[in-house]
Amino acid sequence: MDYKKAGVDIEAGYKSVELMKAHVKETFRPEVLGGIGGFSGAFSMSAIKDMEEPILLSGTDGCGTKVKLAFLMDKHDTIGIDAVAMCVNDVACAGGEPLFFLDYIACGKNYPEKIATIVKGVAEGCKQSGCALIGGETAEHPGLMPEDEYDLAGFAVGVADKKNLITGENIKAGDVLVGIASSGVHSNGFSLVRKVFEMTKESLDTYYDELGTTLGEALIAPTIIYVKALKSIKDAGVVVKGCSHITGGGFYENIPRMLPENINAVVKLDSYEVPAIFKLLQKTGNIEDQMMYNTFNMGLGMVLALDPADVDKTIAAIEAAGQKAYVVGHCEEGTKGVTLC
């Protein structure tokens, strides 16, 4: 008996590391110290030494059951973008710059080429957000997970000068809400998605005119990373008062998280076009409006609270970063929460 016969292939682990090295190196920033394969990742703090009061920010998350879609489609090159996005968007939402990222892949069996493809996606997400992939772990779990399945999670660390933190404490009545478009379902609500649509190759390969693509391609579209858009807003001289990353819990849970106790956010449902994937999902599953907006991002990946005087400049900055933005509502005095009308 040996470890390989017990289900853990150490040699496959070595091969995975070799295959992913080139992708990982592409993410390195000047602050990264050392190479790949150490017991820990080292990152110089020299980049933040000029800040008045540097604050470290962190975020950890995974892709949820969206990974089941990757299994069914045998498409593993974008799920890593989702893992990075879920973490770095939270860091950016607080006004931070993501510095570095670590990933964790648990699998039933280590197939080196598949693991390297997943990490290639992680590296792409890191490049999009400007953070370095400085470490990770691939763990084989024979007997705990099916051989052809895996789970993926990550952890991001960022930094912000305390004076630049986005806290929401200064939001007041009359402030405007600006939403930044999502790419689709992103990485939340897939347990419901998988109940609505038949999860077979035939179903996922079905082309829909209203989607302009197959169902599978529409669902697996990677989560948008908003780091550059938020940096563009900051570089334009705009102070974002509040920022909400629309993830699990949709509008009802996430928008109130940025609000002070005496402010209610009013979102106008006709202020932007809800993407076709959500309309198809709602119609096919016969899902009520309240459940849709309490589960999915409904086409808005971020919602910002701004002084009215900064709205035009903000939308221009977002569009300059390659994203689409809409004025979607306003803030008013009232009980902390969100009203959709």
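Draft legend 1. Structural detail: empty space enclosed by the protein. Summed over all chains, the structure comprises one cavity of 30 Å³ or more. Each pocket or cavity is described by its volume, and for the largest cavity that value is around 40 Å³. Lining the largest cavity, in full, are Cys107, Lys109, Tyr111, Lys114, Ile115, Glu147, Asp148, Glu149 and Tyr150. In terms of residue class, the lining of the largest cavity is made up of four nonpolar, no polar and five charged.

Draft legend 2. Structural detail: helix H2 (residues 66-73). When H2 is considered as a whole, its buried residues turn out to be Lys66, Val67, Leu69, Ala70 and Phe71. Its buried side turned inward, H2 meets helix H3 (79-93), strand S6 (150-161), helix H5 (190-196), helix H6 (201-204) and helix H7 (215-220). One or two residues past the end of H2 sits Asp74, with phi positive at roughly 50°.

Draft legend 3. The sheet that holds strand S7 (residues 176-181), seen in detail. Strand order across the open sheet formed by six strands is S10-S12-S7-S13-S11-S14, with mixed pairing between neighbours. Two strands close off the open sheet at either side, each with one partner strand: strand S10 (242-245) and strand S14 (337-340). On average, adjacent strands in this sheet sit at an angle of 25° to one another, irrespective of strand direction. Sheet analysis places S7 next to strand S12 (residues 300-306), joined by six bridges and oriented antiparallel.

Draft legend 4. Spotlight on the nonpolar core. Leu219 and Phe251 are the most contacted members of the largest nonpolar core, which has 94 residues in total. When near neighbours in sequence (up to four residues on either side) are disregarded, Leu219 contacts Lys66, Leu69, Val185, Phe190, Val193, Phe197, Met199, Leu204 and Ile277. Formed by nine residues, the second largest nonpolar core is a distinct cluster that contains Val32, Phe43, Ile134 and Val157.

Draft legend 5. How the structure looks around the pattern of salt bridges. Using the criterion set out here, one finds 17 salt bridges in the structure. Linking Lys162 and Glu53 is a salt bridge whose minimum nitrogen-to-oxygen distance equals 3.8 Å. Here the residue Lys162 occupies a position in the loop between S6 and S7, and Glu53 occupies one in the loop between strand S2 (42-43) and strand S3 (54-62), the gap between them amounting to 109 residues. Among the residues examined, Lys162 registers a relative accessible area of 44% and is labelled partly exposed. Note that Glu273 is salt-bridged to Lys279, the shortest N-O span being 2.3 Å. Assessed through its relative accessible area of 55%, Glu273 is described here as exposed. Classification of Lys279 by relative accessible area gives partly exposed; the value is 42%. When salt bridges with common partners are traced through the structure, they connect Lys172, Asp175, Lys241 and Asp307 into a single cluster.

Draft legend 6. Spotlight on unusual backbone geometry. Located in the positive-phi region is Asp74, a residue other than glycine, with phi close to 50°. Positive phi values are uncommon outside glycine, yet His186 reaches one of about 60°. Residue classification places His186 among the buried positions, given a relative accessible area of 2%.

Draft legend 7. Fine view of the packing of aromatic side chains. Within this structure, the stated rule accounts for five aromatic pairs. With a centroid separation of 4.9 Å and 75° between ring planes, the pair formed by Phe71 and Tyr150 is classed as edge-to-face. Of this pair, Phe71 sits in helix H2 while Tyr150 sits in strand S6, placing them 79 residues apart in sequence. Judged by relative accessible area, Tyr150 falls into the buried class, the value being 3%. Measuring from ring centre to ring centre gives 5.2 Å for Phe251 and Tyr293, while their planes differ by 75°; the resulting arrangement is edge-to-face. Residue Phe251 is located in helix H9 (residues 250-254), and its partner Tyr293 is located in helix H11 (residues 289-293); the two are separated by 42 residues in the primary sequence. For the pair Phe251 and Tyr293, one class covers both residues: buried. Note that Lys109 overlies the ring of Tyr111, its terminal NZ or CZ placed 5.9 Å from the centroid.

How each quantity is defined
Residues numbered from 1 in each chain as written. Predicted model: local features only at pLDDT ≥ 70, side-chain atom pairs only at ≥ 80, totals over all residues. Heavy atoms only, no water. 1 Å grid on protein atoms, 1.4 Å probe; cavity = no way out; pocket = protein on both sides within 12 Å on 5 of 7 lines; lining within 4 Å. Points joined across faces, edges and corners; volume = space filled by probe spheres on them. Nonpolar A, V, L, I, M, F, W, Y, C, P; charged D, E, K, R; others polar. Buried < 20%, exposed > 50% of the residue type's maximum accessible area, 1.4 Å probe, protein only. Helix = DSSP H or I, 4+ residues; strand = E, 2+ residues; numbered from the N terminus. Contact = heavy atoms within 4.5 Å. Pairing = 2+ DSSP bridges. Axes fitted to C-alpha atoms, helices over the stretch in contact; angles between N-to-C directions. Core = buried A, V, L, I, M, F, W, Y, C linked by side-chain atoms within 4.5 Å. Salt bridge = Lys/Arg side-chain N within 4 Å of Asp/Glu carboxyl O. Phe/Tyr/Trp six-rings, centres within 6.5 Å; stacked < 30°, edge-to-face > 60°. Lys NZ or Arg CZ within 6 Å of the ring centre and 35° of its normal.

Keep in mind these numbers describe shape, not what the thing actually does.
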